[in-house]
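Residues per chain, in single letters:
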Amino acid sequence: MDLSARIEELQIQSGEEASAYRARIESFMATAARTDGYRVALDALTTRLADKLTLTLVGARAQVRPATIQIIRPGAQQLGRFRKLPFGSGVARPHYRPVPTYQRSGAYADPFFYYYYDPYYDFMSWVMLDTMLHQHYWHSSAIQVVDTSGTLVGTGDQLDVATDSWAGRDAVTVGDQGIAVDSTVPDLDDRQSSWFSSDGSSPTDVTGSWTDSGSSDSGSSSCSSSSDSGGSSCSGGSSCSGGSSCGGGGCGGGGGD
């Protein structure tokens, strides 16, 4: 079982410009204690769940795996949609879906994405990876970078490997006027996409997340802590992916479209 959550303080705020939002994410990443606090909180929750399983399932033994952070590397499809993101007075606040969408696969096959809509989620993930590349934050083996299919492409201490052929490495510029995406990244006609938002407002195929996971016997991904108890795995994994609440604000929304 995976516990998935997001950090609310990383969600975009009403009226926030792209450059201000980026600066706020960078400031968060620069302070390791803030990130570690969420991970420690998740580990504690996972341990309590594992202990409860051990007591409930007679003869079972639950093991907890430490939390890790997972970032979904946005692909060309997600990068192209950055051109359509409104900022300032046009900011669209993240919200829960009236009707959940299940048209998800790969790294996005997570209940959080089914129930939560955040159009800025991919951009947040891009900022995190860009900050890791240029400011050398989070260069740790505890950081897992996966592509949109969910395949692990590298870790924080192997960032060049994880971003070597990544289209977003130099294709996006953030300034006072908003976001500029290089012409080499194509525009996508959302009507040709198989993933659409259940609320009809926007395609659901927007990705990118930093997931903090702590888990046990089943390589968990997003912010997950897992425990294996007599054949069943209770992996509490939080995806602490910028934009929701994994601690300090509760485990709340953050998935994106």
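Predicted model, so just to flag it, every value in this text is computed and none were measured.

A. A look at helix α5 (residues 121-135). A rise of 1.5 Å per residue sets the reference length of α5, with its 15 residues, at 21 Å; its end C-alpha atoms lie 21 Å apart and thus fit the reference within 8%. Across the 15 residues of α5, 13 count as buried, placing the element largely inside the fold. Positive backbone phi, approximately 60°, marks His136, located one or two places after α5.

B. Looking closely at the pattern of salt bridges. Scanning all chains against the criterion turns up 7 salt bridges. Two residues, Arg83 and Asp187, come together in a salt bridge whose shortest N-O distance is 2.8 Å. Note that Arg83 is positioned in the loop between α3 (76-81) and β2 (95-96) and Asp187 in the loop between β7 (178-181) and β8 (210-214), a separation of 104 residues in sequence. In this structure Arg83 comes out as partly exposed when scored by relative accessible area, which is 30%. Look at Asp187 and you get exposed, because its relative accessible area is 55%. Taken together, the salt bridges that share partners define one network made up of Arg22, Glu26 and Asp130.

C. Structural view of the packing of helix α1 (residues 18-30) against helix α2 (residues 32-56). Between α1 and α2, the least distance of the axes is 5 Å, while the angle of their chain directions is 75°. Between α1 and α2, the angle falls in the class roughly perpendicular. Judged by residue contacts, Ser27, Phe28, Met29 and Ala30 of α1 engage Ala32, Arg34, Thr35 and Tyr38 from α2. A class-by-class count of the residues in the contact of α1 with α2 yields 5 nonpolar, 2 polar and 1 charged.

D. Local environment of the nonpolar core. Judged by nonpolar contacts, the single largest core of 44 residues is most densely connected at Phe82, Phe123, Trp126, Trp138 and Ile179. Secondary-structure elements contributing two or more residues to this core are α1, β1 (67-72), α5, β4 (143-146), α6 (159-163), β6 (172-175) and β7. Of the residues forming this core, the biggest block, 9 residues, is contributed by α5. In this view, Ile179 contacts Ala18, Phe82, Leu85, Phe87, Phe123, Val172, Thr173 and Val174; residues no more than four positions away in its chain are not counted.

E. Seen up close, the confidence of the model for the protein chain. The pLDDT averaged across the protein chain works out to 75; a share of 72% of its residues lies at or above 70. Long-range and interchain partners of residues 191-257, a stretch whose pLDDT sits below 50, account for 360 contacts in this model, where long-range means more than four residues apart.

F. Quick look at the environment of Ala67. Looking at the element boundaries, Ala67 is found in strand β1. When the C-alpha positions of Ala67 and Ala142 are compared, they lie 8.1 Å apart, and in sequence the two are 75 residues distant.

G. Expanded view of the packing of aromatic side chains. Tallied over the entire structure, the rule returns 9 aromatic pairs. Here the aromatic residues Tyr21, Phe82, Phe87, Tyr120, Phe123 and Trp126 are joined through ring pairs into a cluster of three or more.

H. Looking closely at the pairing of β1. Of all 6 residues in β1, 6 are buried, a share of seventy percent or more. With 4 bridges connecting them, β1 and β4 associate as parallel partners. Looking at the pairing, Gln70 lines up with Gln144 of β4.

I. Just the pairing of β7, in detail. Inspection of the sheet shows β6 paired to β7 by 4 bridges, in the antiparallel sense. Pairing of Gly175 across the sheet is with Gly178, part of β7. Counting the residues in the hairpin turn of β6 and β7 gives 2 residues.

J. Looking closely at unusual backbone geometry. At His136, a position not held by glycine, the phi torsion is positive, near 60°. Here His136 shows up in the loop between α5 and β4. Residue His136 is classed as exposed on the basis of its relative accessible area of 55%. A positive phi is found at Trp138, a non-glycine position, where the angle reads about 60°.

K. Here's a closer look at a nonpolar patch on the surface. On the surface, a cluster of nonpolar side chains totalling about 370 Å² of accessible area is made up of Tyr96, Tyr102 and Tyr115. Mapped onto the elements of the fold, Tyr102 is located in the loop between β2 and α4 (111-115). For Tyr102, a relative accessible area of 51% gives the class exposed.

Basis of the calculations
- Residues numbered from 1 in each chain as written.
- Predicted model: local features only at pLDDT ≥ 70, side-chain atom pairs only at ≥ 80, totals over all residues.
- Heavy atoms only, no water.
- Helix = DSSP H or I, 4+ residues; strand = E, 2+ residues; numbered from the N terminus.
- Expected span 1.5 Å × (residues − 1).
- Buried < 20%, exposed > 50% of the residue type's maximum accessible area, 1.4 Å probe, protein only.
- Salt bridge = Lys/Arg side-chain N within 4 Å of Asp/Glu carboxyl O.
- Axes fitted to C-alpha atoms, helices over the stretch in contact; angles between N-to-C directions.
- Parallel < 35°, antiparallel > 145°, perpendicular 65-115°, else oblique.
- Contact = heavy atoms within 4.5 Å.
- Nonpolar A, V, L, I, M, F, W, Y, C, P; charged D, E, K, R; others polar.
- Core = buried A, V, L, I, M, F, W, Y, C linked by side-chain atoms within 4.5 Å.
- pLDDT = per-residue confidence, 0-100.
- Phe/Tyr/Trp six-rings, centres within 6.5 Å; stacked < 30°, edge-to-face > 60°.
- Pairing = 2+ DSSP bridges.
- Patch = residues over 30% accessible without salt bridge, like charges linked within 9 Å, V, L, I, M, F, W, Y side chains within 5 Å.
- Areas by Shrake-Rupley, 256 points an atom, 1.4 Å probe, with all protein chains shown as cover.

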